[in-house]
Amino acid sequence: MKSGFAVLIGRSNVGKSTLINNLVGTKVAITTPKPQTTRRPVQGVLTRPEGQVVFVDTPGVMQKAKDQLTKKLLDFVRHSLKDIDILVYVVDPTREIGNEEKQALKMIEPLEQPKLLVINKIDDPRSKLFIDSYRDLAETQFDGYVEISALKGSNTDILEHWIFDQLPEGELFYPDGDVSNMSKEEQLAEIIREKLFLRLRQEVPYSVHVVVDEIAVREDETLYINARVLTTEERYKRMIIGKGGRGIKEIGQSTRKELESITDKKVFLDLTVDVDSRWIERFN
Ligand SMILES: Nc1nc2c(ncn2[C@@H]2O[C@H](COP(=O)(O)OP(=O)(O)OP(=O)(O)O)[C@@H](O)[C@H]2O)c(=O)[nH]1
Ligand SMILES: [Mg+2]
């Protein structure tokens, strides 16, 4: 048996979470067009007859960690680089290699584990813009590279083979059938946060945190969920709720729609918005 941890690292928005979902074959991580969508290292598990890879999704590496949340996210990234077997470094060739990319590359430089460069988004015609400069990186800093589309699933099989080839011998970390390390509450909170991110603008998404307090199956088989959206300021709370409650209602509806299609149950979602200026301090 082979088994090990493959950690996905890269700037925000390069498609790390989209890739992990494609590899695991189910949605274990939320994805949005906004930076800093991923806030915690989420593990996605792929079990094959030859062994098991535990993929670790990480927050995007941001150049300037000025605010408290960004600092914490960068700490999670650093922490995730410990005790790994394979490093999967994801880049987005529609964007130029800038200082942020250089900083991220510096972080991984000292690591001695096998390093794979993944050039993502090749389905996007704009990827032609900077792809050569990323190919050059492969020569100098990586043990292998692959050009893929995580969104369309092209060449992700090549990536999977490369990883299995490099995996050390070992026992399974998760029982066959498990796809993630997250609890039901955490997964649900993430889905709600995804809907918030998709709907909210500017700095508001970064002010929110979601807590699921209760999940229960009622006698009539409906799934009852009680969740709170926490935000740092009163004015953000008003923006989330929206005129006549329209905002929060839409967030609830889109969450419910997704949950009903996953669970095949009718879902009742009780969603409230509270101001809590200190959730970032406690976030860990
Ligand atoms: N065209 C194209 N878009 C992609 C591809 N992979 C991801 N995206 C899009 O890129 C955006 C960011 O994707 P995520 O998977 O959330 O990126 P991430 O690297 O996890 O971002 P953070 O969690 O913020 O660090 C989303 O809008 C995705 O749909 C791809 O292969 N092709
Ligand atoms: Mg992500």
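Visitor: Help me understand the site of ligand 1, please; the structure alone is not making it clear to me.
Guide: Taken together, the neighbourhood of ligand 1 is formed by 23 residues, with Asn13, Lys16, Thr18, Thr38 and Asp123 sitting nearest. One of the backbone nitrogen or oxygen atoms of Asn13 is found 2.9 Å away from an oxygen atom of ligand 1. At a separation of 2.5 Å, an oxygen atom of ligand 1 approaches a polar side-chain atom of Thr18. Notes on ligand 1: free accessible area 650 Å², of which the protein chains cover 89%. Of the residues that constitute the shell around ligand 1, the class distribution is five nonpolar, 13 polar and five charged.

Visitor: How do you make sense of helix α1 (residues 16-24) when you look at a structure like this?
Guide: Side chains three or four residues apart in an α-helix point the same way, a direct result of the helix having 3.6 residues per turn. With seven of its nine residues buried, α1 lies for the most part within the structure. Taken residue by residue, α1 has Lys16, Ser17, Leu19, Ile20, Asn21, Leu23 and Val24 as its buried positions. Against β1 (2-9), β2 (42-48), β3 (51-57), β4 (86-91), β5 (115-119) and α5 (156-166) lie the buried residues of α1. Trailing α1 by a residue or two, Gly25 shows a phi angle of about 85°, which is positive.

Visitor: Help me out: how do you make sense of the sheet that holds strand β7 (residues 208-217) in this one?
Guide: Backbone hydrogen bonds hold the strands of a sheet together, and the pairing may be parallel or antiparallel. Ordered in space as β7-β8-β9, the three strands form an open sheet in which the pairing is mixed. With partners counted over all chains shown, the strands left at the sheet margins are β7 and β9 (267-275), one partner each. Averaged over all pairs of adjacent strands, the angle between strand axes in this sheet comes to 15°, irrespective of strand direction. Alignment of strand β8 (residues 223-231) against β9, held across nine bridges, turns out to be parallel. If you follow Ala227 over to β9, its bridge partner there is Leu271. Across the sheet, helix α6 (residues 184-199) is in contact with β7, β8 and β9; its angle to β7 comes to roughly 130°.

Visitor: Please explain helix α4 (residues 131-141) as it appears in this structure.
Guide: Regarding α4, the residues found buried are Ile131, Tyr134, Leu137 and Ala138. Taken around the axis of α4, the buried residues stretch over an arc of 105°, which confines them to a single face. Exposed side chains of α4 directed beyond 90 degrees from the buried face belong to Asp136, Glu139 and Thr140. On its buried side, α4 packs onto β4, α3 (99-108), β5 and β6 (144-147).

Visitor: Just to check I follow, could you spell out the sheet that holds β4 for this structure?
Guide: Read across the sheet, six strands follow the order β2-β3-β1-β4-β5-β6 without closing on themselves; strand pairing throughout is mixed. Two strands lie at the open edges of the sheet, namely β2 and β6, each paired on one side alone. In this sheet, neighbouring strand axes are inclined to one another by 20° on average, regardless of whether the strands run parallel or antiparallel. In this structure, β1 lies alongside β3, joined through six bridges in parallel fashion.

Rules and cut-offs
- Residues numbered from 1 in each chain as written.
- Chains lettered and ligands numbered in written order.
- Predicted model: local features only at pLDDT ≥ 70, side-chain atom pairs only at ≥ 80, totals over all residues.
- Heavy atoms only, no water.
- Near = heavy atom within 4 Å.
- Polar contact = N/O pair within 3.5 Å; in protein donor to acceptor, adjacent residues only side chain to side chain.
- Areas by Shrake-Rupley, 256 points an atom, 1.4 Å probe, with all protein chains shown as cover.
- Nonpolar A, V, L, I, M, F, W, Y, C, P; charged D, E, K, R; others polar.
- Buried < 20%, exposed > 50% of the residue type's maximum accessible area, 1.4 Å probe, protein only.
- Helix = DSSP H or I, 4+ residues; strand = E, 2+ residues; numbered from the N terminus.
- Contact = heavy atoms within 4.5 Å.
- Pairing = 2+ DSSP bridges.
- Axes fitted to C-alpha atoms, helices over the stretch in contact; angles between N-to-C directions.
- Arc of directions from axis to C-beta.

Any functional reading would require information beyond the geometric quantities listed.
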